[in-house]
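# Inside the fold
Spelled out from the first residue to the last, the chains are:
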Amino acid sequence: MYTIQTFNAISPKGLERLPRDRYSISDSAPDADAIILRSYKLHDYPFSDNLLAVGRAGSGTNNVPVEKLSGCGVVVFNAPGANSNAVKELVIAGMLMGCRNIGPAIDFVNGLQGSDEEMRVAAETGKKRFRGFELPGKTLGVVGLGAIGVRIANTARSLGMNVIGYDPTITIERAWQLNAEVEAAANIDMLLAQSDFITFHVPLVDSTRNLINATSLAKLKDNVVLLNFARNGIVDESAVLAGLESGKVYTYVCDFPSNALRTNPRVIALPHLGASTIEAEDNCAIMIADQIRDYLENGNISNSVNLPNVKLPRTGLARISLVNQNNPDMLGKISHVLGQSGVNIAHMLNDSKGNMAYTLMDVDSSVSAETLATLKSIPGVLKVRLL
Ligand SMILES: NC(=O)c1ccc[n+]([C@@H]2O[C@H](COP(=O)([O-])OP(=O)(O)OC[C@H]3O[C@@H](n4cnc5c(N)ncnc54)[C@H](O)[C@@H]3O)[C@@H](O)[C@H]2O)c1
Ligand SMILES: O=C(O)CC[C@@H](O)C(=O)O
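Only a predicted model underlies this, so the values are computations on that prediction, with no experimental measurement involved. (Residues numbered from 1 in each chain as written. Chains lettered and ligands numbered in written order. Predicted model: local features only at pLDDT ≥ 70, side-chain atom pairs only at ≥ 80, totals over all residues. Heavy atoms only, no water.)

### Here's the deal with the overall build of the chain
Per the secondary structure count, the chain includes 14 helices and 16 strands. Taking as baseline every contact in the chain between residues at least 6 positions apart, the subset at least 24 positions apart corresponds to 64%. Only carbon and sulfur atoms are counted for the fraction: they give 52% of the accessible area of the chain, which is about 18100 Å². Taking the average location of the 35 positive side-chain charges in the chain and that of its 38 negative ones, the two points are 3 Å from each other. (Helix = DSSP H or I, 4+ residues; strand = E, 2+ residues; numbered from the N terminus. Contact = heavy atoms within 4.5 Å. Areas by Shrake-Rupley, 256 points an atom, 1.4 Å probe, with all protein chains shown as cover. Lys, Arg positive; Asp, Glu negative; His and termini not counted. Charge placed at Lys NZ, Arg CZ, Asp CG, Glu CD.)

Below, the structure written as structure tokens:
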């Protein structure tokens, strides 16, 4: 029986993929084999030695202490692309809200008083304050051309916009998906200087923290609609508020509310709604549940942020799953232990990612607890399981 600890509301459609005769699922299981979560901050969580996997039912993993978990041999999964359409749709809505002044216009209408006729007259008189501009012919700058950025770039093209993208580490898969009319910016300054709308779709890491700050804002054209549906740390709020004052920023649309932003009528702040659709919640939970199950039961790894993809069809009598540090001669030491114990390796896959490595072996004979303990005692071996 495997135990799963959940944080946040995880779609039942995903949890159903973990059959109850083999999985116990609870929001309080300190010794769980795996954790499934959304935005819950795990940094201070007291992980048990039993933990094998953490599944982020979403894209960003900045709420998970990936490095610390790697040090304990815990595999961290995410669900790349599973919520990308949901975010794309909200960003397109945000662009339209931003350039058509929809937030202030709704506030204006909600503040109207009097009879229907008085309201109609006041609306017709007041509406000139909310005149906006249209998308076709305007330039959208997309920073980060991953699962979300590519979808937004392609949709903006179909809405008649010019699109310029910046992503120095774009994958081949995403480059293939990108509309050929999207222009590649050689550097971010080029994108900042040309865009009427700028949207960010990068992970929050040290190199993207405060990517938009007072210096970068000075490079913008006037009246730019700025959108941040990535993470709040990517945009320096005080610089954006100054940009709204100076006229560099026309509207700031984001998914991360704060007290400083709340009172500014030119800010539209949503409650981290990007991935909050039925479809995205189902997709993320299903993807994560399937990945966790395949790892727990078969040792296969797909879409891990700290270990390589390793998938081996089952053959042999038993399977050994081994997470280790990516040090020289690990494989030599592992096969030596098995050879000494008379265990023949029928099939094996080994791969590495950064300073982590993973080995999956199908063997022709049973493996004793003593052999497993010897494997575990090899310096640099972090987790060993017999499946
Ligand atoms: N608001 C929400 O609810 C919501 C939902 C999903 C994702 N997100 C956030 O959006 C981020 C992006 O999501 P995704 O699914 O597209 O991820 P992704 O991994 O598919 O794409 C991220 C892209 O950013 C690029 N990148 C990294 N550093 C960069 C830099 N300095 N400049 C330019 N590009 C850079 C990468 O090469 C990659 O192509 C996530 O990390 C998450 O923080 C928010
Ligand atoms: O689960 C959510 O609601 C947000 C997910 C989002 O921030 C992500 O990074 O995928």
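Additional details are given in the paragraphs that follow.
### Focus on the pairing of strand β7 (residues 162–166)
For strand β6 (residues 139–143) and β7, the ladder comprises five bridges, and the chain directions are parallel. Following the sheet pairing, G141 is matched in β7 by I164. As for the winding sense of the linkage, the β-α-β connection from β6 through helix α6 (residues 147–158) to β7 is right-handed. The parallel pair β7 and strand β8 (residues 183–184) is bridged by helix α7 (residues 172–177), and the resulting crossover is right-handed. (Pairing = 2+ DSSP bridges. Right-handed = clockwise from strand over helix to strand, strands pointing away.)

### Overview of the nonpolar core
Counting 31 residues, the largest nonpolar core has I4, I36, F77, I292, Y295, L296 and Y358 as the members making the most contacts within it. Among the secondary structure elements, those contributing two or more residues to this core are β1 (2–6), β3 (34–37), β5 (75–77), α12 (278–298) and β15 (356–363). Sorting elements by how many residues they give to this core places α12 first, with seven residues. The two domains that each donate at least three residues to this core are domain 1 (1–83 + 275–306) and domain 3 (307–387). Each residue touching F77, except ones within four places of it in the same chain, is listed here: A53, V54, G55, R56, I288, Q291, I292, Y295, I301, S302, N303 and S304. (Core = buried A, V, L, I, M, F, W, Y, C linked by side-chain atoms within 4.5 Å. Buried < 20%, exposed > 50% of the residue type's maximum accessible area, 1.4 Å probe, protein only. Domains from an automatic or database assignment.)

### A closer look at the UniProt feature "domain: ACT" (unreviewed entry) in the chain
According to UniProt, the feature "domain: ACT" (unreviewed entry) maps to residues 319–387 in the numbering used here. Helix makes up 28% of residues 319–387 and strand 43%, whereas the separation of the span's terminal C-alpha atoms amounts to 5 Å. (UniProt positions renumbered as here; feature names shortened; annotations may be inferred.)

### Remarks on the pattern of salt bridges
Considering all chains together, one arrives at 13 salt bridges under this definition. The salt bridge involving R157 is made with E181; its shortest N-O contact spans 3.9 Å. Here R157, found in helix α6, pairs with E181, found in the loop between α7 and β8; they are 24 residues apart in sequence, far enough to count as distant. Taking relative accessible area as the criterion, R157 reaches 24% and is therefore assigned partly exposed. Residue classification places E181 among the exposed positions, given a relative accessible area of 54%. Measuring nitrogen to oxygen at the nearest pair gives 3.0 Å for the salt bridge that ties R293 to E297. (Salt bridge = Lys/Arg side-chain N within 4 Å of Asp/Glu carboxyl O.)

### A word on the site of ligand 2
Every residue close to ligand 2 is listed here: R38, S39, R56, G58, S59, G60, N83, R231, H272 and A275. R38 places a side-chain nitrogen or oxygen 2.8 Å from an oxygen atom of ligand 2. R56 is positioned with one of its side-chain polar atoms (N or O) 3.3 Å from an oxygen atom of ligand 2. Computed on the free molecule, ligand 2 has an accessible area of 300 Å², of which 91% lies beneath the protein chains in the complex. (Near = heavy atom within 4 Å. Polar contact = N/O pair within 3.5 Å; in protein donor to acceptor, adjacent residues only side chain to side chain.)

### Looking at the packing of helix α3 (residues 84–99) against α6
Packing of α3 against α6 brings their axes to within 9 Å, and their N-to-C directions diverge by 45°. Overall, the two elements α3 and α6 adopt an arrangement that is oblique. When you trace α3 past α6, the crossing you get is right-handed. Residue-level inspection shows S84, N85, V87, K88, V91 and I92 of α3 in contact with α6, the latter providing A147, I148, R151, I152 and T155. Of the residues contributing to the contact of α3 with α6, the split by class is six nonpolar, three polar and two charged. (Axes fitted to C-alpha atoms, helices over the stretch in contact; angles between N-to-C directions. Parallel < 35°, antiparallel > 145°, perpendicular 65-115°, else oblique. Left-handed = near helix turned anticlockwise from the far one by under 90°. Nonpolar A, V, L, I, M, F, W, Y, C, P; charged D, E, K, R; others polar.)

### Observations regarding the pairing of β6
Burial within β6 is extensive, with five of its five residues counted as buried. Residues T139, G141 and V143 line one face of β6 and the alternating positions L140 and V142 line the opposite face, and both faces are buried.

### Notes on the domain arrangement of the chain
Partitioning the chain into domains gives domain 1 (1–83 + 275–306), domain 2 (85–269) and domain 3 (307–387). Each of domain 2 and domain 3 has a C-alpha centre, and the two are 49 Å apart.

### Concerning the sheet that holds strand β9 (residues 197–200)
With parallel pairing, the seven strands of this open sheet are ordered in space as β8-β7-β6-β9-β10-β11-β12. With one partner strand each, in any of the chains shown, β8 and β12 (267–269) form the two edges of the open sheet. Contacts between helix α10 (residues 237–246) and the sheet are confined to β10 (224–228), β11 (249–254) and β12, with β11 contributing the most and set at about 145° to the helix.

### Quick look at the site of ligand 1
Around ligand 1 sit 25 residues, and of these S59, A147, D167, T169 and D255 come closest. Contact distances for ligand 1 include 2.6 Å between an oxygen atom and a side-chain N or O atom of D167. Within the backbone of A275, one N or O atom sits 3.3 Å away from an oxygen atom of ligand 1. Isolated, ligand 1 exposes 870 Å² of accessible area, and the fraction of that covered by the protein chains is 85%. Considering only residue class, the shell around ligand 1 consists of twelve nonpolar, ten polar and three charged. In this structure, the shell around ligand 1 is formed jointly by two domains, domain 1 (1–83 + 275–306) and domain 2 (85–269), each of which donates at least three residues.

### Topic: the packing of helix α13 (residues 330–340) against helix α14 (residues 369–376)
The relative placement of two packed helices comes down to the angle between their axes together with the axis-to-axis distance. Closest axis-to-axis distance for the α13/α14 pair is 10 Å, and the angle between their directions is 160°. On the basis of their axis angle, the class for α13 and α14 is roughly antiparallel. Along this stretch, α13 crosses α14, giving a crossing that reads as right-handed. Residue-level inspection shows I334, V337 and L338 of α13 in contact with α14, the latter providing T371, T374 and L375. Grouping the amino acids of the contact of α13 with α14 by side-chain chemistry returns four nonpolar, two polar and no charged.

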